[in-house]
Amino acid sequence: NKMKKIIYFLLILTINNVYSQTYELDKNTNLMTYSKVVEISSNSDELFAQFKISLAQIFKNYNEVKQLEDKETKTFIIKGYFDTKIQRGWFKEDFGGCFYNLTIQCKDNKYRIIIDNINHSCIYGPSDCGAGGPIENEKIKGYPKKQWMLVQDLAKEYSLNLGDQIESKVKENLAKANEKW
């Protein structure tokens with residue numbers, strides 16, 4: 001019984017060391033920031049190559065959203081966008097969305113994903129849908145607090161899902177690259 005507890009503790013400790021993920025207000029930038037560090041058995045060159053493939057598969061317009069793809073520093077920067085369609089009352093829908101920055105940095109045996117600078121905007125739809133600005137804002141003009149909180153929740157959900165999707169796609173592509181055929 002004592003041995004089971006020790007093994008369980010070591011397993012939990014190992015799992016927690018595999019990656020760390022947060023979505024919180026960054027103390028240095030004062031921006032809501034999603035950050036995830038993933039440890040993986042691969043060198044930085046191989047990771048960089050697989051990220052190029054994975055990002056092109058995730059982002060249909062990769063060449064348009066790519067801001068930086070630096071082989072020397074093993075860094076990618078992408079300017080992305082996601083919709084935040086929500087109801088704002090009985091007959092009003094907000095067709096806004098959020099722009100964000102995605103940064104990926106590769107090192108030997110690990111990589112880091114950062115999503116920040118999340119800014120709400122209404123680029124199409126009703127003229128009064130408003131532009132929320134930074135997702136960190138507690139309230140914004142033109143939105144009841146409850147609807148703004150929905151936009152903030154959508155930003156968090158999108159960030160978490162995108163981080164998971166990137167991690168999954170990179171693992172899948174690394175496995176394919178190492179297949180013997």
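Right above here is the structure, for reference.
Keep in mind it's a predicted model, so treat the numbers as computed, not measured.

## Some points on the pattern of salt bridges
Here is step 1: Within this structure, the stated rule accounts for eight salt bridges.
Here is step 2: Between D45 and K74 there is a salt bridge whose closest N-O contact spans 2.9 Å. You can see D45 sitting in helix α2 (residues 44-58) and its partner K74 sitting in the loop between β3 (66-70) and β4 (75-83), a full 29 residues away along the chain.
Here is step 3: Assessed through its relative accessible area of 46%, D45 is described here as partly exposed.
Here is step 4: As a salt-bridge pair, K176 and E172 come within 3.2 Å of each other at their nearest N and O atoms. Of the two residues, K176 and E172 both sit in helix α4 (residues 145-177), four residues apart, roughly one turn of that helix.
Here is step 5: Connected via shared salt-bridge partners are K36, D164, E167 and K171.

## Some remarks on the nonpolar core
Here is step 1: One finds F59 and L102 to be the most contacted residues of the largest nonpolar core, which totals 35 residues.
Here is step 2: Elements with a contribution of two residues or more to this core: β2 (32-39), α2, α3 (62-65), β4, β7 (97-107), β8 (110-121) and α4.
Here is step 3: Examining the composition of this core, we find that seven residues originate from one element, α4, more than from any other.
Here is step 4: Once residues within four sequence positions are removed from consideration, F59 is found in contact with V65, I78, Y100, L102 and L162.

## Observations concerning the environment of G96
Here is step 1: Relative to the assigned elements, G96 resides in the loop between β6 (93-94) and β7.
Here is step 2: Since its relative accessible area comes to 0%, G96 is described here as buried.
Here is step 3: Taking the C-alpha atoms as reference points, G96 and F82, separated by 14 residues in sequence, lie 8.8 Å from one another.
Here is step 4: Setting aside residues no more than four positions away along its own chain, G96 makes contact with Y81, D83, T84, K85, H120, S121 and C122.

## Description of the packing of α2 against α4
Here is step 1: Where α2 meets α4, the closest approach of the two axes is 9 Å, and the angle between their N-to-C directions is 120°. Relative to α4, α2 is oriented oblique. Where α2 crosses over α4, the handedness of that crossing is right-handed. For the pair α2 and α4, contact is made by E46, L47, Q50, F51, I53, S54, Q57 and I58 and by L162, Q165, I166, K169, V170, N173, L174 and A177, respectively.

## Remarks on the pairing of β7
Here is step 1: Burial analysis of β7 places eight of its eleven residues in the buried class, which makes it a mostly covered element.
Here is step 2: For β4 and β7, the ladder comprises nine bridges, and the chain directions are antiparallel. Across the sheet, D83 pairs through a bridge with G97, a residue of β7.
Here is step 3: Relative to β8, β7 runs antiparallel, the two being bridged by ten bridges. Of the residues in β8, the one forming a bridge with C106 is Y111.

## Topic: the side chain of N173
Here is step 1: Among the secondary structure elements, N173 is positioned in helix α4.
Here is step 2: Here S54 takes part through its side chain, which lies 2.8 Å from a polar atom of the side chain of N173.
Here is step 3: Dropping the residues within four chain positions of it, N173 is found in contact with Q50, I53, S54 and Q57.

Rules and cut-offs
- Residues numbered from 1 in each chain as written.
- Predicted model: local features only at pLDDT ≥ 70, side-chain atom pairs only at ≥ 80, totals over all residues.
- Heavy atoms only, no water.
- Salt bridge = Lys/Arg side-chain N within 4 Å of Asp/Glu carboxyl O.
- Helix = DSSP H or I, 4+ residues; strand = E, 2+ residues; numbered from the N terminus.
- Buried < 20%, exposed > 50% of the residue type's maximum accessible area, 1.4 Å probe, protein only.
- Core = buried A, V, L, I, M, F, W, Y, C linked by side-chain atoms within 4.5 Å.
- Contact = heavy atoms within 4.5 Å.
- Axes fitted to C-alpha atoms, helices over the stretch in contact; angles between N-to-C directions.
- Parallel < 35°, antiparallel > 145°, perpendicular 65-115°, else oblique.
- Left-handed = near helix turned anticlockwise from the far one by under 90°.
- Pairing = 2+ DSSP bridges.
- Polar contact = N/O pair within 3.5 Å; in protein donor to acceptor, adjacent residues only side chain to side chain.

This is a description of form; function is not addressed.
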